Amino acid sequence: MFCHLLNFLLSPAVGFAAHPRRDSDVVESVRHKLGELTDLHGLKRIFKDARKDKGQDDFLGNVVLRLKDLHCWDDQWYQLEPRTETYPNRGQCHLQFLLTHKKRATTSSRTQPSYTVHRHLLQQLVSYEILQHKAGSIAWDGELSRHASTVLYLHATQKDLSDFHQVMAQWLAYSKLYQSLEFNSNCLLHQITSIEYQWVQERLRPEQKAELAESFQSLLTYGVSLIRRYRIIFPLSVPRSTERLQSLLRVLVQMCKMKAFHELCTLSPDLPQMVSTALKSGTTEWFHMKKQHLKPMVKSMEENGKALSRLLLEVIGDLQQCQKIWNKFFINTLKLNLFSIAYLELEHLVAEHVQEQLREVDSSMSKPTAESLFQLYMNLQELYQMKDFLPKRDGPLALSNFHQWFKEAVPQWLQKAYTIALERAQRAVQMDQLTPFGEHNKHSTSTVDLSTCYAQIVKTWQQLNWPDPEEAFMIMVKLVEDMCKIALMYCRLIKERAEALSLSERNEGEAANRLCIVVNNIKQLRLLVLKLPSQLDWEQLERRMGAVIDQQQIQHTLHHQLDSAVSCLDHEVRDVVQALATKLEKGIARHIQELSSSNDTREPEDSIIPLMKFLESELQYLNEHLVHENFKSLLALLWHHTLAVLSAAAGQQVPSAQRYKKLHCALKSLELCFYGEGCGLPLETLHTAAFLSLETHLALCSSTSRKLIQKYFSNRIQQQLDASSEKYGAVTIKAVYRPSEQKLRVEVLNAVNLIPLDSNGSSDPFVQLTLEPRHEFPEVVARTTQCKRNELHPLFDEAFDFLIPPEKCRQEGACLLLTVFDYDTLGANDLEGEAFLPLCHLPGLNDDEDQADAGRVPQTRLPLTHPKPTDEILRLLESRKGDKEAQAFVKLRKQRAKQSKETE
């Protein structure tokens, strides 16, 4: 930093402005020296000192000024600074400055106006500043160095240039240099603002107006040319390109808004229109440049297709940049939609060029050509879909029906997709070792590859996105047909693969394991097939075809194809599951046969242990290797087979309750096993009609004779409850149990609507009362009422007491049997009917105290029934020849049946 030190050594002869207090200091100094004068020697010393200091002035103070603080002309007072602090107040100094330079006798100085010379000087300085920046002209922000600013300031001051002429000179210099040495155009905005603020047209001479107008037109033309080539001038690969373009747009917009621009430029241009035209022509130039650059060296349809695809990628990339980056700058500054301008121009050029190149395409094209055309089709589709970013526009685009150019190639595209998927599926099966490919998976690797094959075909459909609904339907039919073919082919190959691996190893356990994997794989494939309608979006296709193809045709074609494929897969699953079930059915049948023929001395729970261990081992293995749905299908097959085996075993049994008990125990254990605490088959699947029938049969056959007798009476009670009419009449009684006396009191009131059994059309009824079953009440004697002659509605009104403990009343089948007979003098009494009163529901049975009022005991009307001519329980009891109690009971019931003259 330059400093100029002015040291003023003031003497009495030098004019200066001194503070009044400084004069008093001098006087005091002289008086002090005269006071020291006492003799001649003192006077001699004073003269000697004066002679010694001759020619030297006393220091009063100094002023230090910096050059950068100086002005071209200045007139002011400055404070004098002391050397020491003894006398700090040294006074002031009055200075006048006028900076001048020697005149240079140059041509410019003599012939050109001062502001022109100033502009030339500014151009030289700006050029120097730009060239000094190592990073290039783009990095310079338009600011001059301090030295250059000082020189310009001094020149403007000496030439007495006004601020307006200085700004105009700056504008002329900067705008001209911008067209040759590009720099940040933001610095032009300052000159535009200053000119607009200070604009007074009359202050300019005609030549200055012409020069300023020419600068406006020149910058406008140059700026529009830059915008026309913005892809090259402002590439995104160069930093701050977007800022540079945005700055240029702002400069042009502000310049065209200036009062000076409108007054000096007689034909004020329409800037948006100029830029729009420039963008269109620039886009066309760029497209033709890219087309020429990507032109194939070898002229063939395949190479042309590849070249077109590369060209389309360039176009799509450029439009994406327009839409995402550049468009907002043009909209904000000029209200121009750059994307719309570029898209409409490029879309038309692309359509024209591609259609011209595809004129020679026919169905005999090679596979490489078809592949290149598929890529071109997808690129065109992507370009066409970018129309969604356009504002509203009337009329179709040039690419509206571009899919029609590729109709000849579609069959080859579909065939290629099918061939690739088929070959991949075949390779997947050949490489498959039929082992689970993951810890939590139960199918093998080939299903993963098959899923990928299907996904690729679905992707092909999505990529095609064929606009014509009728043609799209035919494409969909072809794709679904191909995928169904692949599914059936896979089923055949995977079973062959399992068989081949089993033959090579001859391990029965591994063979079963591979069958499990095969079932899981086919089931997984079935899921893939069922997902096709949603993945291929059949609903949308059906909506598009609503007015073109009948809905029934769609259902018949597409859904029929899919249903047929699913049906075939289900059949394949059943076949493999049946093969697995067959391996187990033999073991189950063997164990059940051993169970039924085992020694009767063994407990049933012990007899079924081998069967349950076998099932536990096999089913656990299958559950680990089958997916849950397939495992349940296997369980269902095994369950039906097991029921059939048990039914056959039950039909071959000799009449032995112990052996039936073993089979019944096996049936209940198998039910729990197949239910698996809710993880196996649901109860509604297990409880089939065959199961319920077999369970009932085995429960009866395995029961003791006394249990069967009790069951017989329970059935007769239920039969009575189910009776819908009183065909044989009814009997009315009142019954109550007295806990304190353990006594059952029964009042037989009457009988009604009895059947006439005598030849005279009437009957002689009486009622026999017995407690059943007899083995529960062996000591209770039967009671009878009086006989009522010639009565079909007899009134008995008799009471009977039976001493029985309450626990006996609660036994199964415990009842009061009321048998109404028609008394015959010569032969056996005829049976009018039987009525059963269940003892478990007796009034008072569950009370702690006796009912005090007998009148509160309700009357009970019981319909009379007849024993059935055939009864399963009686047949079972009759078959037990060695059981005297069973034989006696059967004999009694048969006798009652013979006494009945009516059959139900």
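Just so it is clear, the structure is predicted and the values come from calculations on it, not from any experiment.

(A) Structural context of the packing of aromatic side chains. For the coordinates displayed, the defined rule picks out 23 aromatic pairs. Where Phe 164 meets Trp 199, the ring centres are 6.1 Å apart and the plane angle is 55°; that geometry is what we call tilted. You can see Phe 164 sitting in helix H6 (residues 163-178) and its partner Trp 199 sitting in the loop between helix H7 (186-198) and helix H8 (206-228), a full 35 residues away along the chain. Taken as a pair, Phe 164 and Trp 199 share a single burial class, namely buried. For the pair Phe 339 and Phe 389, a centre-to-centre distance of 6.1 Å together with 90° between the ring planes defines the contact as edge-to-face. Taken together, the residues span a long stretch of sequence, with Phe 339 in helix H14 (residues 338-357) and Phe 389 in the loop between helix H15 (367-385) and helix H16 (410-431) at a distance of 50 residues. Using a relative accessible area of 1% as the deciding quantity, one classes Phe 339 as buried. Of the residues examined, Phe 389 reaches a relative accessible area of 47% and is grouped as partly exposed. An aromatic cluster is defined as three or more aromatic residues linked by ring pairs; in this entry it consists of Phe 374, Tyr 377, Tyr 384, Phe 402, Phe 406, Trp 413 and Trp 466. The ring of Trp 286 is capped by Arg 231, whose NZ or CZ atom sits 5.2 Å from the centre of that ring. The ring of Tyr 384 has Lys 387 lying over it, and the distance from NZ or CZ to the ring centre is 4.1 Å.

(B) Here's a closer look at the pattern of salt bridges. By the definition in use, this model includes 29 salt bridges. The salt bridge partner of Arg 526 is Asp 570, with a shortest N-O separation of 2.4 Å. In this pair, Arg 526 is assigned in helix H19 (residues 508-530) and Asp 570 in helix H22 (residues 551-596), connecting sequence segments 44 residues apart. Relative accessible area serves as the criterion here: at 18%, Arg 526 is assigned to the buried category. The partner of Glu 772 in a salt bridge is Arg 774, and the shortest N-O contact between them spans 3.1 Å. Given the relative accessible area of 3%, Glu 772 is considered buried.

(C) A look at the environment of Phe 821. Relative to the elements of secondary structure, Phe 821 occurs in strand E10 (residues 815-822). Residue class for Phe 821 comes out buried when judged on its relative accessible area of 6%. Sequence separation between Phe 821 and Asp 764 is 57 residues, and the spatial gap between their C-alpha atoms is 7.9 Å.

(D) Seen up close, the sheet that holds strand E6 (residues 743-752). One open sheet holds the four strands; their spatial order is E9-E6-E5-E12, and the pairing between them is antiparallel. Each edge of the sheet is formed by a strand with only one pairing partner; in this case those strands are strand E9 (795-803) and strand E12 (859-863). On average, each strand axis in the sheet is tilted by 25° relative to the strand beside it, whichever way the strands run. Direction of pairing for E6 relative to E9: antiparallel, over a ladder of seven bridges. Paired with Val 748 across the bridge in E9 is Glu 798.

(E) Broad picture of the side chain of Ser 175. Checked against the element boundaries, Ser 175 lands in helix H6. For Ser 175, a relative accessible area of 1% puts it in the buried group. Polar contacts involving the side chain of Ser 175 include one to the main-chain carbonyl oxygen of Leu 172, which spans 3.4 Å.

(F) Structural view of the sheet that holds strand E7 (residues 765-772). Pairing within the open sheet is antiparallel, and its four strands lie in the order E8-E7-E10-E11. Each of the sheet's edge strands pairs with one partner strand only, and the pair in question is strand E8 (783-784) and strand E11 (830-838). Inspection of the sheet shows E7 paired to E10 by eight bridges, in the antiparallel sense. Bridge pairing in E10 places Glu 772 opposite Cys 815. Against the sheet, helix H29 (residues 705-722) makes contact with E7, E10 and E11, and its axis sits at roughly 95° relative to E11, the strand it touches most.

(G) Structural detail: the confidence of the model for the protein. On average, residues of the protein carry a pLDDT of 83, and 88% of them reach 70 or more. Note that residues 1-24 has pLDDT below 50 and, in this model, 35 contacts with residues that lie over four places away or in other chains.

(H) Region of interest: helix H5 (residues 146-158). Look at H5: 18 Å from first C-alpha to last across 13 residues, which is about the 18 Å you get at 1.5 Å a residue. For H5, the complete set of buried residues consists of Ala 148, Leu 152, His 155 and Ala 156. Down the axis of H5, the buried side of the element spans an arc of 95°, and every buried residue falls inside it. In H5, the exposed residues that point more than 90 degrees away from the buried face are Arg 146 and His 147. Buried positions along H5 lie against helix H4 (114-132) and H6. Following H5 by one or two positions, Asp 160 has its phi on the positive side, about 55°.

(I) Up close: the environment of Asn 846. Of note, Asn 846 is situated in the loop between E11 and E12. By relative accessible area, which is 58% here, Asn 846 ends up exposed. Looking at Asn 846, its side chain comes within polar contact range of the side chain of Arg 810, at 3.2 Å.

(J) Representation of the packing of H16 against helix H17 (residues 445-464) within the structure. It is at 8 Å that the axes of H16 and H17 come closest, and there the two elements cross at 170°. When the interaxial angle is binned, H16 and H17 end up roughly antiparallel. In this structure, H16 uses Trp 413, Leu 414, Ala 417, Ala 421, Arg 424, Ala 425, Ala 428 and Val 429 to contact H17, whose residues at the interface are Ser 446, Asp 449, Leu 450, Thr 452, Cys 453, Ile 457, Thr 460 and Leu 464. Counted by class, the contact of H16 with H17 contains eleven nonpolar, three polar and two charged residues.

(K) Looking closely at helix H13 (residues 301-334). If you check H13, its first and last C-alpha atoms are just 43 Å apart, much less than what 34 residues at 1.5 Å a residue would give, namely 50 Å. A bend of about 55° at Trp 326 is the largest found in H13. Positive phi appears at Lys 335, one or two residues downstream of H13, with a value of about 60°.

(L) A look at unusual backbone geometry. In this model, Glu 772 is joined to Pro 773 through a cis peptide bond whose omega is -5°. Mapped onto the secondary structure, Pro 773 falls in the loop between E7 and E8. Even without being a glycine, Lys 335 presents a positive backbone phi close to 60°. Residue placement: Lys 335 occurs in the loop between H13 and H14. By relative accessible area, Lys 335 is classed as exposed at 68%. Despite not being glycine, Gln 742 has its phi angle at roughly 50°, a positive value. Within the secondary structure, Gln 742 is located in the loop between strand E5 (730-738) and E6.

Conventions adopted
- Within every chain, residues take consecutive numbers counted from 1 along the sequence as written.
- The predicted origin of the model limits local features to residues at a pLDDT of at least 70 and limits the giving and counting of side-chain atom pairs to 80 or more, whereas totals for whole chains, interfaces and linings rest on all residues.
- Hydrogens and water are ignored here; the side-chain numbers use all heavy atoms of the structure.
- A pair of Phe, Tyr and Trp rings is counted when the ring centres sit within 6.5 Å of each other, with Trp represented by its six-membered ring. The angle between the planes then sorts it: under 30 degrees is stacked, over 60 is edge-to-face, the rest tilted.
- Numbering of helices and strands runs from the N terminus; a helix is a DSSP stretch of H or I covering at least four residues, while a strand is a stretch of E covering at least two.
- Burial classes: relative accessible area under 20% of the type maximum marks a residue as buried, over 50% as exposed, and values in between as partly exposed (1.4 Å probe, protein chains only).
- Whether a charge sits over a ring depends on NZ of Lys or CZ of Arg being within 6 Å of the ring centre and within 35 degrees of the ring normal.
- Salt-bridge detection follows one rule: a side-chain nitrogen of Lys or Arg within 4 Å of a carboxyl oxygen of Asp or Glu.
- One requirement defines pairing of two strands: DSSP has to find at least two bridges between them.
- Axis geometry follows a simple rule: fit a line to the C-alpha atoms, using only the stretch in contact for helices, then measure angles between N-to-C directions, giving values from 0 to 180 degrees.
- Polar contact is the term for a pair of N or O atoms within 3.5 Å; when the atoms are in protein, one must be able to donate a hydrogen and the other to accept it, and sequence-neighboring residues count only if both atoms are side-chain atoms.
- Whether two residues touch is decided by their heavy atoms; if any such pair falls within 4.5 Å, the residues are in contact.
- Per residue, pLDDT captures the predictor's confidence, and it can take any value from 0 to 100.
- Given the number of residues in a helix, its expected span is that number minus one, multiplied by 1.5 Å.
- Here, the arc refers to the directions that run from the helix axis to the C-beta atoms.
- For classification, angles of less than 35 degrees are called roughly parallel, those exceeding 145 degrees roughly antiparallel, those between 65 and 115 degrees roughly perpendicular, and all remaining angles oblique.
- The residue classification treats Ala, Val, Leu, Ile, Met, Phe, Trp, Tyr, Cys and Pro as nonpolar and Asp, Glu, Lys and Arg as charged. All others, Gly included, are polar.
- Note that bend, as reported per residue, equals the angle between axes fitted to the 7 residues terminating at that residue and the 7 residues originating from it.

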